[in-house]
Amino acid sequence: MLFDTRNEMLKYYCDKISNPRILEIGVFKGDFLDYIVNNCGTGSIDAVDLFEGITGSGNADGNSHVFYDIGKGYFELLEKYREMPNIKIYKSNSNDFLRNQEDDIYDIIYIDGDHSYDGVKQDLINSYKKIKNGGYIMGHDYEMNMQKANTHYNFGVKQAVDEFCTFYNQKIHAKANDGCVSFCINIKKT
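Residues numbered from 1 in each chain as written. Predicted model: local features only at pLDDT ≥ 70, side-chain atom pairs only at ≥ 80, totals over all residues. Heavy atoms only, no water.

J.: Just checking my understanding: could you explain the pairing of strand β3 (residues 45–49) for this structure?
T.: Counting buried residues in β3 gives five out of five residues, a clear majority hidden from the surface. Residue alternation in β3 divides its side chains into two sets, I45, A47 and D49 and D46 and V48, and both sets are buried. Examined bridge by bridge, strand β2 (residues 22–25) and β3 share four bridges and lie parallel to one another. The residue of β3 that forms the bridge with L23 is D46. (Buried < 20%, exposed > 50% of the residue type's maximum accessible area, 1.4 Å probe, protein only. Helix = DSSP H or I, 4+ residues; strand = E, 2+ residues; numbered from the N terminus. Pairing = 2+ DSSP bridges.)

J.: I tried to follow the side chain of D112 on my own but got confused; where do I start?
T.: Mapped onto the elements, D112 comes out in the loop between β7 (106–111) and α5 (117–130). A polar contact is formed between the side chain of D112 and the side chain of R6, at a distance of 3.5 Å. A polar side-chain atom of D112 sits 3.0 Å from a polar atom in the side chain of H115. Every residue in contact with D112, bar those within four places of it in the chain, is listed here: R6, I25, G26, H140 and D141. (Polar contact = N/O pair within 3.5 Å; in protein donor to acceptor, adjacent residues only side chain to side chain. Contact = heavy atoms within 4.5 Å.)

J.: Hey, could you run me through helix α6 (residues 157–167) in this one?
T.: Residues spaced three or four apart along an α-helix point in a common direction, a consequence of the helix completing one turn every 3.6 residues. Restricting attention to buried positions, one finds in α6 the residues V157, A160, V161, F164 and C165. All buried residues of α6 fall inside an arc of 130° around its axis, so they share one side. For α6, the exposed residues lying more than 90 degrees away from the buried face are T166 and F167. Close packing links the buried residues of α6 with α5, β8 (131–144), β9 (172–176) and β10 (180–186). One or two residues past the end of α6 sits N169, with phi positive at roughly 55°. (Arc of directions from axis to C-beta.)

J.: Looking at this structure, how should I read the state of the cysteines?
T.: The bond known as a disulfide is covalent and runs between the sulfur atoms of two cysteines. Within the structure shown, the criterion is met by one disulfide. The side chain of C14 participates in a disulfide bridge whose partner is C40; the two sulfur atoms lie 2.4 Å from each other. What sets the handedness of the C14 and C40 disulfide is the S-S torsion sign, and at about 80° it is right-handed. Here C14, found in helix α1 (residues 6–14), pairs with C40, found in the loop between α2 (31–39) and β3; they are 26 residues apart in sequence, far enough to count as distant. Relative accessible area serves as the criterion here: at 3%, C14 is assigned to the buried category. With no disulfide of its own, C180 lies closest to C184 among cysteine sulfurs, the gap being 18 Å. With relative accessibility at 2%, the residue C180 sits in the buried group. (Disulfide = S-S within 2.5 Å.)

J.: Honestly, the pattern of salt bridges in this entry has me stumped. Any pointers?
T.: Opposite charge on two side chains allows them to pair when their charged atoms are near. Using the criterion set out here, one finds 14 salt bridges in the structure. The salt bridge partner of D96 is R99, with a shortest N-O separation of 2.5 Å. Within this pair, D96 and its partner R99 are both found in helix α4 (residues 94–99), separated by three residues, close to a single helical turn. Here D96 falls in the partly exposed class, since its relative accessible area comes to 36%. Each of E79, R82 and E83 takes part in one network of salt bridges that share partners. (Salt bridge = Lys/Arg side-chain N within 4 Å of Asp/Glu carboxyl O.)

Just geometry here; none of it tells us what the structure is for.
Right, dumping it as structure tokens:
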């Protein structure tokens with residue numbers, strides 16, 4: 001299945017689950033978190049990032065690159081969502097965070113943190129333990145769509161995802177055709 005944007009893809013799968021439990025790995029400024037909060041029901045949402053220092057990122061197409069003090073952003077997000085007990089913001093490395101979560105608790109995990117091969121590989125392995133059977137592991141920056149992107153980025157995401165699918169006997173179920181293409185794996189645990 002091919003979606004035009006990751007927003008459309010996420011909404012489509014959120015609508016298949018009653019009050020999904022969602023984890024976003026890699027929050028940056030919180031723009032995609034806002035989309036999740038406003039479009040994915042009344043389930044629970046966990047958002048984890050290192051929230052340290054100034055870092056740069058582009059939009060879903062990889063364009064409009066900006067630098068942002070995510071350390072300051074952490075406190076802004078805590079304040080923004082403090083009246084919403086179903087949304088939790090965590091300042092943590094994703095490996096440590098996932099190790100401390102129960103297995104089989106999330107319906108959807110969206111990975112957009114460390115884009116290195118090793119980082120994505122570890123996030124996928126850890127996420128597999130935490131996702132429910134039939135749940136969805138998604139992520140950003142799988143490949144480039146140069147019809148929307150102005151710059152070609154070489155991340156370790158595709159290699160890590162392809163190897164994960166082979167090792168765990170999974171397959172990419174859908175893609176979202178932003179400039180930085182997102183993937184969706186419908187997890188089938190045997």
